[in-house]
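Structural features, examined
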Amino acid sequence: MNLLTCRVLILPKKASDLFKLFTEEQEIHDPLFKAANVSVYIKRDDLIHPFISGNKWRKLKYILASVLMQRKTGILTFGGAYSNHLLATACLAAMNNLKSTGIVRGEKPAELNETLFLCQSFGMKLIFVSRETYQDKESLISKLLDANTYYIPEGGSSVEALLGCAEMVDEFKRSYSHIVLASGTATTATGIAMGIYRKGLNTRVESIVVLRGAEYLGQEFNYLPEHGSLPINFHHNYHCGGYAKVNPELLTFMFGFIAATGILLEPVYTAKAYLALTNLIKESYFPQKSSILFIHTGGLLGILGFKNQETIL
Ligand SMILES: *Cc1c(COP(=O)(O)O)cnc(C)c1O
């Protein structure tokens, strides 16, 4: 059964119109949603760019503006071995004639994985450090950062990133009662909540946290004056064992969705968030007639790390 209305039959002639068709919010027709009397739409931020995908583009947009305004010639940043942020930074740096250095958590593997291979192809210099060394970012930064290099925190979390994510709200075609998305640092979710607050919309952000033991999330942005009133809830029960951990339920669910829609999800972020959305609907978390927007935050390369079902770093 296909869960999407088949819109491929009305393919427009121009590629730019095709892009518009695919990136507009689409309704997902799942009988489960109908039974619960809620509607669910999907916003395909995964289509923004194959490597600067989803929220990574939104987070890096104003950071890039700062880099260029300050006339820096290079970027230094951090990430894990499957970091979508490293890949997005590497690609964006290559496009803008900037040098990039990525400090990677963990010893150098015998063979680079797909993500790191692409980072290197985009010209990123990869520096592998042990997990202990990685923790001490201050001393790594002081060793590696020079006056011509711009430092981007791990995951791209910064005020610039919040501003870029807040802008997403202006693109919504409908009004929604809830926005559901996957969170790592929760910068994206917080930015969207800021955008909602600024526009005075009656919408709540439901942030599905993919890390285990990350109950501190939501307190980090206390410095924002309006923090107390941000319309955001954090859900901590859907990490499926922890960051980049999977279980059979998650994988079965994910492959079922992919085959029923032609939309790829990956197990680290988006599949967990969509599984959480489905479970929350089953538990009647959302009132009847809720109009829910699921944000596909991208990061699709992540699925390749699971092709042999190996556990990833
Ligand atoms: C990085 C990433 C996230 C997490 O974004 P945060 O702003 O750190 O919460 C979610 N989904 C995907 C696909 C990502 O690559």
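This section reports on the structure supplied with the text.

Analysis parameters
Residues numbered from 1 in each chain as written. Predicted model: local features only at pLDDT ≥ 70, side-chain atom pairs only at ≥ 80, totals over all residues. Heavy atoms only, no water. Helix = DSSP H or I, 4+ residues; strand = E, 2+ residues; numbered from the N terminus. Rg over C-alpha atoms; globule rule 2.2 N^0.38 Å. Buried < 20%, exposed > 50% of the residue type's maximum accessible area, 1.4 Å probe, protein only. Contact = heavy atoms within 4.5 Å. Areas by Shrake-Rupley, 256 points an atom, 1.4 Å probe, with all protein chains shown as cover. Pairing = 2+ DSSP bridges. Axes fitted to C-alpha atoms, helices over the stretch in contact; angles between N-to-C directions. Near = heavy atom within 4 Å. Polar contact = N/O pair within 3.5 Å; in protein donor to acceptor, adjacent residues only side chain to side chain. Nonpolar A, V, L, I, M, F, W, Y, C, P; charged D, E, K, R; others polar. Parallel < 35°, antiparallel > 145°, perpendicular 65-115°, else oblique. Right-handed = clockwise from strand over helix to strand, strands pointing away.

With that out of the way, let us pick up the overall build of the chain. Scanning the chain from N- to C-terminus turns up 11 helices and 10 strands. Taking 313 residues into account, the globule formula puts the C-alpha radius of gyration at 20 Å, and the chain, at 19 Å, falls close to it. Seen through its principal axes, the chain has C-alpha atoms that stretch 60 × 45 × 45 Å. For the chain, the proportion of its 313 residues judged to be buried stands at 54%. Of all intrachain contacts in the chain linking residues separated by at least 6 positions in sequence, the fraction that spans at least 24 positions is 77%. Of the roughly 14,800 Å² of accessible surface on the chain, 54% is carried by carbon and sulfur atoms.

Once that is clear, we can look at the sheet that holds strand 2 (residues 39-44). Pairing in this open sheet of six strands is mixed, and the strands run 1-2-10-7-8-9 from one edge to the other. Of all strands in the sheet, those with a lone pairing partner are strand 1 (26-28) and strand 9 (232-235), marking the two edges. In this sheet, adjacent strand axes meet at a mean angle of 30 degrees when their direction is disregarded. Pairing analysis gives six bridges linking strand 7 (residues 178-183) to strand 8 (residues 204-209), with the strands arranged parallel.

Time to look at the site of the ligand. In the vicinity of the ligand, 15 residues are found, and the nearest of them are Lys56, Asn84, Thr185, Thr188 and Thr297. Lysine 59 is positioned with one of its side-chain polar atoms (N or O) 2.8 Å from an oxygen atom of the ligand. Against a free-state accessible area of 380 Å², the protein chains account for coverage of 97% of the ligand. At three residues, helix 3 (residues 55-69) tops the list of elements feeding residues into the shell around the ligand. Residues that form the shell around the ligand fall into these classes: three nonpolar, 10 polar and two charged.

Let us look at the packing of helix 10 (residues 248-261) against helix 11 (residues 270-282). The N-to-C vectors of helix 10 and helix 11 enclose an angle of 90 degrees; their axes lie 10 Å apart at closest approach. By the angle between their directions, the pair helix 10 and helix 11 is classed as roughly perpendicular. For the pair helix 10 and helix 11, contact is made by Glu249, Leu250, Phe253, Met254 and Phe257 and by Ala271, Lys272, Tyr274, Leu275, Thr278 and Asn279, respectively. Partitioned by chemical class, the residues of the contact of helix 10 with helix 11 number seven nonpolar, two polar and two charged.

Most of strand 5 (residues 125-129) is tucked away, with four of its five residues classed as buried. Looking at chain direction, strand 4 (residues 99-105) and strand 5 are connected through five bridges and run parallel. Residue glycine 102 lies in a different strand from strand 5, and its bridge partner there is leucine 126. Crossover connection from strand 4 via helix 5 (residues 114-121) to parallel strand 5: handedness right-handed.

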